[in-house]
Amino acid sequence: MKKYLCLAPLCLVAFTGCSQAEVDTTPVWSQQLPQTGVRMELSNCELLGTEAVDYTLDRDSRDPWVKKPALQTKGIPVVTLQGASQDEVELRFVENIDTLYLYYDKMMPQVDLDYIVTELDDGSLQYRLDTVYNFEFVVTTENGTDTMIVTCQRDGITDTK
């Protein structure tokens, strides 16, 4: 029994070391969002494209599809928002069906499982997207609402059907 107790501190050190990977905060894309004025930066990944995507809120919607701004990424994207508080940011899963992106309303992304959020010293929010899903950032302030879809892929793995 004493042998196992001696191993416990070593296991804690090992797990602590793997829990937080280094984040490269050098922006690969940056923009001030037009409605809210919030500054959005993308880092820690390769930017594959910035093409808008076709989007709809639900499968049965009679509304026409709309174009939504999107960032196509490879790696582990980190999104930094300057000028927004956590209660002004909503993350949504977005399902990719062929070339259509659909708001997946069955479940919302889970903090510390699908993404890690950190408040930086300057008040900025940093979201590290830890799963290979597509996320829609919905930022709502008193000035308006902006959205940005971030599509994720890693080493050939995508959320594409």
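See the structure printed just above.
Here we summarise the structure given alongside this text. (Residues numbered from 1 in each chain as written. Predicted model: local features only at pLDDT ≥ 70, side-chain atom pairs only at ≥ 80, totals over all residues. Heavy atoms only, no water.)

**Re the packing of aromatic side chains**
Geometrically, a pair of aromatic rings is defined through the distance of the ring centres and the angle of the planes. Rules: Pairing of aromatic side chains requires ring centres within 6.5 Å, counting the rings of Phe and Tyr and the six-membered ring of Trp. Pairs whose planes differ by under 30 degrees are stacked, by over 60 edge-to-face, and all others tilted. Only DSSP runs of H or I covering at least 4 residues are called helices, and only runs of E covering at least 2 are called strands; the numbering of each starts at the N terminus. Buried residues are those whose accessible area, probed at 1.4 Å on protein chains only, stays under 20% of the maximum for their type, while exposed residues exceed 50% and partly exposed ones sit between those limits. Lysine and arginine charges are scored as sitting over a ring when NZ or CZ, respectively, is within 6 Å of the ring centre and within 35 degrees of the ring normal.
One pass over the full model with this rule turns up four aromatic pairs. Plain terms: the ring middles of F93 and Y133 are 5.1 Å apart, the flat faces sit at 70° to each other, and that makes the pair edge-to-face. Of the two residues, F93 is situated in strand β6 (residues 89-97) and Y133 in the loop between β9 (125-129) and β10 (134-141); the sequence distance between them amounts to 40 residues. By relative accessible area, F93 is classed as buried at 8%. The rings of F93, Y133 and F135 are connected pair by pair, giving a single aromatic cluster. Sitting over the face of the ring of Y55, K68 holds its NZ or CZ atom 4.2 Å from the ring centroid. The aromatic ring of Y103 is capped on one face by R92, whose charged end is 4.6 Å from the ring centroid.

**Describing the nonpolar core**
Burial of nonpolar side chains together is a common tendency in soluble globular proteins. Keep this limit in mind: Residues belong to one nonpolar core when they are buried, are Ala, Val, Leu, Ile, Met, Phe, Trp, Tyr or Cys, and are joined through side-chain atoms within 4.5 Å. Contact between two residues is taken to exist if any of their heavy atoms lie within 4.5 Å; hydrogens are not considered.
The biggest cluster of nonpolar side chains holds 23 residues, and the ones touching the most others in it are L81, V89, Y127 and F137. Going through the elements one at a time, β2 (39-49), β5 (70-82), β6, β9, β10 and β11 (144-154) are the ones with two or more residues in this core. Each residue touching V89, except ones within four places of it in the same chain, is listed here: L81, A84, L125, Y127, F137, V138 and V139. If you look at the next biggest cluster of nonpolar residues, it comprises seven residues, including A70, Y101, Y103 and I149.

**A closer look at the pattern of salt bridges**
The condition that has to hold: For this document, the term salt bridge refers to a Lys or Arg side-chain nitrogen within 4 Å of an Asp or Glu carboxyl oxygen.
Here the structure, examined in full by the defined rule, presents six salt bridges. R92 is paired through a salt bridge with E90; the nearest N and O atoms lie 3.2 Å apart. A residue is classified by how much of its surface remains accessible, and R92, at 16% relative accessible area, is buried. For E90, a relative accessible area of 30% gives the class partly exposed. D130 serves as the salt-bridge partner of R128, at 2.7 Å between the closest nitrogen and oxygen. Residue R128 is classed as buried on the basis of its relative accessible area of 11%. Residues joined by salt bridges that share partners form a network here, namely K68, E90, R92 and E136.

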